[in-house]
Amino acid sequence: MPQLTDVARKRGFFGKLWALTGPYFLSHEAIFAIPLFVVIVAMVLAMVYVNYLLNTWYGDFQNMLQAKDLAQVPVDFFGIHLVSVNKFIYLIGKFALIVFPAVILSVYSTYLQQMLQIRWRRWLTERFLDLWLEHRTYYRLQVYGGGTDNPEQRIEDDIASFTTTTLSIIIGLINRTVTLITFVGLLWVLSGPVTLFGITIPGYMVWIAAIYAGVGTYFSYVIGRRLVRINFQQEQYRASFRFGMSRLKENAESVAMYRGEADEHRSLMQSFTAVWTNWWELMRAQKQLNWFQSFYGQAGAIFPILVIAPRYFAGAIDFGTIFRISQAFSQVSDAMTWFMDNFIALASWKATVNRLIGFVEAMDRAKTMQSGIGHVAETVPALETRNLQVALPDGRTLIENLSAKFEHGDKVLITGPSGSGKTTLFRAIAGLWPFGHGEVRAPTQGQTLFLPQRPYLPSGTLRRALAYPAKADDFSNAQLEQALATVNLNHLKPKLDDEENWSLALSIGEQQRLAIARAVLLKPDWLFLDEATAALDAANEQQMYKLLADQLPRATVLSIAHRPEVARFHNRHVTIDPSTTSASVSAIAAE
């Protein structure tokens, strides 16, 4: 079964488009999606047939009005004569019988398209989230770069636009194709032949419609082709502007403390200026296309009548036939100018498809990027680094040739000046940092928990933030309340079911204590503390380390800290010297 990741291995736009579209209709959803699509197409075909019936009806109605024909017409039902009515009433009744089913078809066709669209969108969203989250791709995209921006917009906005517009384009194209097939024969018969310069041209209105549509399509493409690039840039600039505002919201307290509103305003307006400038370019491009399409559309209403009028005045056709030819010409030319009529939508759609394709390709590249640091899973309960070199993306070495083994139950203190590579060492051990070489051997058994200086607190209830990344339902109220009590957060016990932005509702010291409570609750076998108590005063910091020693006596703890007082809670010491890029390992004497 094809997967979304096949996008990166396909060549050409349409190959990549199929790799993006096909997996849904070949997945387990196909049992619902394909029959639903078939029903929608059947409704489209029925609507075309309704338009064909209306074309005949309008011709009869126009002839009846011109002739003031109110003769009696028999109304039969399966060969049984019911009643006779005048022709006006008869045609109005016939109109109702045609239009009422058309209304039902129109309503349910839209409803079923929306049903298919939202199911497709849900399936695609789930697959994109899988690709983004698995193998830590969301993080690797940031580390490696990857040539993509604003994943959240691509998953939410672009997928919604892609599914809606793709279905609209497919259904519209099917509609226009069937309409063309249906009405081109009708137009051929109604228009009849014409002789020009001694040459008889059968169905001449069909040829005129083809030429008319071809000219319109060509000039629409020439005038509007730059809209693809402009629409792509517009989505890119809008996403950057939204990202800037999101960053401001996430760091509201820091900005407020710095009184950085003026600088943020300048930065956001600079970002919006790109939206503004590109929008004006978009407006000008669309205006040029609209000039042509408006004139073209207005001319299309009168053009077929002007062409067919000489035959009417010569008495070759009646008034109703003029009306039918005009309608058939419009249907044929509209079908042939589908590309022209949808050029702006197609330009926007192609930009959206390119963004999704680019996102999948970027995730695939990030996922397949090889790390210079090897990771080996071991069954022994120890963590070992062998000739580990940790470097920056620019190649500068932070730590050189670190070989150390940390046994189960070790308490290891890592120190060094700011910028010496302590946090980057943690990233390398966790398998997040690819720059460098050497080897990390990590145990396969046991749970690992990393606590950074600023803990991650997910949105939602406090119980969810406390239990993260485990499920809150895995713990009783008593367990959660006890964990809060151990870190002196008793005032939060009544708020376990409150939903807030806890990163703003709690001070950084409270957040760090909540993270320690999380460690007490989850009881990891391997605990990494990256200045996880730096916001606490010395007494509270020592209290948290004593708590971890009491609650997690068998856990291996690696902690980055600056205060020398915490050394007594460790038995080993790793010192990083940035002047020599060396890391020495020593024992700490027990007090």
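This text follows the structure it describes.
Residues numbered from 1 in each chain as written. Predicted model: local features only at pLDDT ≥ 70, side-chain atom pairs only at ≥ 80, totals over all residues. Heavy atoms only, no water.

## Focus: the sheet that holds strand E6 (residues 382-391)
No. 1: What the four strands build is an open sheet, ordered E5-E9-E6-E7; its pairing is mixed. Both edges of this open sheet fall to strand E5 (373-378) and strand E7 (397-407), since each of them pairs with a single strand only. With direction set aside, neighbouring strand axes in the sheet form an average angle of 10°.
No. 2: Bridge count between E6 and strand E9 (residues 436-443): five bridges; the pairing is antiparallel. Paired with Glu384 across the bridge in E9 is Arg441.
No. 3: In this fold helix H13 (residues 422-430) packs onto E5, E6, E7 and E9, with an angle of close to 120° to the strand it touches most, E6. (Pairing = 2+ DSSP bridges. Helix = DSSP H or I, 4+ residues; strand = E, 2+ residues; numbered from the N terminus. Axes fitted to C-alpha atoms, helices over the stretch in contact; angles between N-to-C directions. Contact = heavy atoms within 4.5 Å.)

## Some remarks on the layout of surface pockets
No. 1: Taken as a whole, the second largest pocket encloses approximately 470 Å³ of empty space.
No. 2: Looking at the second largest pocket, it is lined by 20 residues, and the ones nearest its centre are Phe13, Phe14, Leu17, Leu346 and Trp349.
No. 3: In terms of residue count, the dominant contributor to the lining of the second largest pocket is helix H1 (residues 13-25) (seven residues).
No. 4: Of the residues contributing to the lining of the second largest pocket, the split by class is 15 nonpolar, three polar and two charged. (1 Å grid on protein atoms, 1.4 Å probe; cavity = no way out; pocket = protein on both sides within 12 Å on 5 of 7 lines; lining within 4 Å. Points joined across faces, edges and corners; volume = space filled by probe spheres on them. Nonpolar A, V, L, I, M, F, W, Y, C, P; charged D, E, K, R; others polar.)

## Here we look at the pattern of salt bridges
No. 1: Within the structure shown, the criterion is met by 14 salt bridges.
No. 2: Residue Lys16 is joined to Glu361 by a salt bridge in which the shortest nitrogen-to-oxygen separation is 2.5 Å. In this pair, Lys16 is assigned in helix H1 and Glu361 in helix H12 (residues 343-368), connecting sequence segments 345 residues apart. Each member of the pair, Lys16 as well as Glu361, is classed as buried.
No. 3: Where Asp158 meets Arg355, a salt bridge forms, and the shortest distance between an N and an O atom there is 2.8 Å. Linking Asp158 in helix H5 (residues 151-191) with Arg355 in helix H12, this pair joins segments that are 197 residues apart in sequence. You'll find Asp158 and Arg355 in the same group, each marked buried.
No. 4: Among the charged side chains, a salt-bridge network with shared partners connects Glu29, Arg119 and Arg122. (Salt bridge = Lys/Arg side-chain N within 4 Å of Asp/Glu carboxyl O. Buried < 20%, exposed > 50% of the residue type's maximum accessible area, 1.4 Å probe, protein only.)

## Quick look at empty space enclosed by the protein
No. 1: Taken as a whole and judged by the stated rule, the model has two cavities of 30 Å³ or more.
No. 2: If you add up the space inside the largest cavity, you get close to 60 Å³.
No. 3: For the largest cavity, the full set of lining residues is Lys411, Tyr545, Leu548, Ala549, Val557, Phe569 and His570.
No. 4: Ranked by the residues each element gives to the lining of the largest cavity, the list is headed by helix H18 (residues 538-551), at three residues.
No. 5: A breakdown of the residues in the lining of the largest cavity according to their chemical character gives five nonpolar, one polar and one charged.
No. 6: Empty space within the second largest cavity amounts to approximately 40 Å³.
No. 7: Around the second largest cavity, the lining residues are Thr385, Leu402, Phe406, Ile414, Leu425, Ile429, Leu558 and Val574.
No. 8: Put simply, the parts of the chain that give the lining of the second largest cavity at least two residues each are E7 and H13.

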